[in-house]
2 protein chains.
Amino acid sequence: MGRGKIVIRRIDNSTSRQVTFSKRRNGLLKKAKELSILCDAEVGLVVFSSTGRLYEFSSTNMKAVIDRYTNAKEEPGAANSTSEIKVWQRKIYLLPMTP
Amino acid sequence: MGRGKIVIRRIDNSTSRQVTFSKRRNGLLKKAKELSILCDAEVGLVVFSSTGRLYEFSSTNMKAVIDRYTNAKEEPGAANSTSEIKVWQRKIYLLPMTP
DNA sequence: GGGACTATATATAAGAA
DNA sequence: TTTCTTATATATAGTCC
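Residues numbered from 1 in each chain as written. Chains lettered and ligands numbered in written order. Predicted model: local features only at pLDDT ≥ 70, side-chain atom pairs only at ≥ 80, totals over all residues. Heavy atoms only, no water.

Attention shifts here to the confidence of the model for chain A. Looking at chain A as a whole, its pLDDT mean stands at 80, while 75% of the residues score no less than 70. Scored below 50 in pLDDT, residues 77–99 of chain A makes 28 contacts in the model with residues more than four places away or belonging to other chains. (pLDDT = per-residue confidence, 0-100. Contact = heavy atoms within 4.5 Å.)

Written out as structure tokens, the structure reads:
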């Protein structure tokens, strides 16, 4: 989708990687929004740049999406996956609560 | 991107909405993957169709992404946002633990 | 880090199977 | 609901500010 064809593999040049990230990130966020509107879907998108910056989009609010996701993952009933999810939810809860 | 131009608003026809969802969902998941590879970014994408089916993509694993997301939201330190996150995380934790 | 500017590569709307 | 085809709308690679 541009002057030249590219292969999907990590872009070595740090500067180009940043530029491409900026462009594609915007495109991805836009598409996520369009999908949610056009198809009445609930979407949650989280992106961390290689430098650690956070970008996000959620059709409703991320809390609701994560909440629903967690529940959906629990339902399949596999005792295995269920406990795994509960373990890490609990783990998050037990993180330091200091302001 | 197609035979005709469209406006971004909910597609009324249920059948077309489903077809469009199927196509765009695939495109979105593909783009999410490309972004993560090309730019070495951590990506988490969750999509619920209007019929409730779940589709997802995560460059590492959703648990790690949500975990990192939660932490990133806590750090900004705004006492306000911090407590809000803790509130709903706690809420999730308090959900019924019955298998 | 964003804009702006093309030329191209891609995604995808329509339609049919 | 996925698959295939084809015409078009879009996204975006490369480059300069």
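With that settled, the discussion passes to the protein's contact with DNA strand C. DNA strand C sits among 18 residues. The nearest are Met1 and Arg3 of chain A together with Met1, Arg24 and Lys30 of chain B. Within 4 Å of the protein, atoms of DNA strand C come from sugar and phosphate in 68% of cases. Within the backbone of Arg3 of chain B, one N or O atom sits 3.1 Å away from a base nitrogen of DNA strand C. Lys23 of chain B places a side-chain nitrogen or oxygen 3.1 Å from a base nitrogen of DNA strand C. Here the residues of the surface near DNA strand C are counted per class, giving 3 nonpolar, 6 polar and 9 charged. (Near = heavy atom within 4 Å. Polar contact = N/O pair within 3.5 Å; in protein donor to acceptor, adjacent residues only side chain to side chain. Nonpolar A, V, L, I, M, F, W, Y, C, P; charged D, E, K, R; others polar.)

Turning next to the pattern of salt bridges. Counting across every chain of the model gives 12 salt bridges over all chains. The closest approach of N and O atoms between Arg24 of chain A and Glu34 of chain B, which form a salt bridge, is 2.8 Å. Separated into two different chains, Arg24 of chain A in helix 1 (residues 14–38) and Glu34 of chain B in helix 1 (residues 14–38) make up a pair that spans both. Owing to a relative accessible area of 22%, Arg24 of chain A belongs among the partly exposed residues under this scheme. Taking the relative accessible area as the measure of exposure, Glu34 of chain B reaches 12% and is therefore buried. (Salt bridge = Lys/Arg side-chain N within 4 Å of Asp/Glu carboxyl O. Helix = DSSP H or I, 4+ residues; strand = E, 2+ residues; numbered from the N terminus. Buried < 20%, exposed > 50% of the residue type's maximum accessible area, 1.4 Å probe, protein only.)

This part is about the packing of helix 1 of chain A against helix 1 of chain B. Across the interface, helix 1 of chain A lies against helix 1 of chain B with an axial gap of 10 Å and an inter-helix angle of 160 degrees. With respect to helix 1 of chain B, the element helix 1 of chain A is oriented roughly antiparallel. Crossing of helix 1 of chain A over helix 1 of chain B shows left-handed handedness. Between helix 1 of chain A, through Arg17, Phe21, Arg24, Arg25, Leu28, Lys31, Ala32, Glu34, Leu35 and Leu38 of chain A, and helix 1 of chain B, the contact on the second element is made entirely by Arg17, Phe21, Arg24, Arg25, Leu28, Lys31, Ala32, Glu34, Leu35 and Leu38 of chain B. Taken together, the residues that form the contact of helix 1 of chain A with helix 1 of chain B break down as 10 nonpolar, no polar and 10 charged. (Axes fitted to C-alpha atoms, helices over the stretch in contact; angles between N-to-C directions. Parallel < 35°, antiparallel > 145°, perpendicular 65-115°, else oblique. Left-handed = near helix turned anticlockwise from the far one by under 90°.)

This part takes up the protein's contact with DNA strand D. Among the 19 residues in the neighbourhood of DNA strand D, the closest are listed as Met1 of chain A together with Met1, Arg3, Gln18 and Ser22 of chain B. Sugar and phosphate atoms form 69% of the subset of DNA strand D atoms that lie within 4 Å of the protein. Between DNA strand D and Lys23 of chain A there is a distance of 2.9 Å, counted from a base oxygen to a side-chain nitrogen or oxygen. Within the side chain of Ser22 of chain B, an N or O atom sits 2.6 Å from a phosphate oxygen of DNA strand D. Taken together, the elements giving at least two residues each to the surface near DNA strand D come down to helix 1 of chain A together with helix 1 of chain B. When residues in the surface near DNA strand D are grouped by element, the largest group, 6 residues, is from helix 1 of chain A. Grouping the amino acids of the surface near DNA strand D by side-chain chemistry returns 3 nonpolar, 7 polar and 9 charged.

Our next topic: the UniProt feature "domain: MADS-box" (unreviewed entry) in chain A. Those residues carrying the UniProt feature "domain: MADS-box" (unreviewed entry) are residues 1–61 of chain A in this numbering. Annotated as residues 1–61 of chain A, this span is 41% helix and 20% strand, and its ends, taken at the C-alpha atoms, are 31 Å apart. (UniProt positions renumbered as here; feature names shortened; annotations may be inferred.)

Where interface size is given, it is often the accessible area lost as the parts come together that is meant. The interface of chain A with chain B comprises 55 residues on the first partner and 56 residues on the second. Across the chain A to chain B interface the summed buried area is about 5,400 Å²; carbon plus sulfur atoms make up 69%. For the pair chain A and chain B, the interface holds 6 salt bridges. At the boundary of chain A with chain B, the tally comes to 12 residue pairs in polar contact (both at pLDDT 80 or more). For the side of chain A that touches chain B, the elements supplying multiple residues, two or more each, are helix 1, strand 1 (42–48), strand 2 (54–58), helix 2 (62–74) and helix 3 (79–93) of chain A. Ranked by residues supplied to the side of chain A that touches chain B, first place goes to helix 1 of chain A with 12 residues. For the side of chain A that touches chain B, a count of residues per class yields 30 nonpolar, 8 polar and 17 charged. Alignment of strand 1 of chain A against strand 1 (residues 42–48) of chain B, held across 7 bridges, turns out to be antiparallel. Across the sheet, Leu45 of chain A pairs through a bridge with Leu45 of chain B, a residue of strand 1 of chain B. (Buried area = accessible area lost by both parts, 1.4 Å probe. Pairing = 2+ DSSP bridges.)

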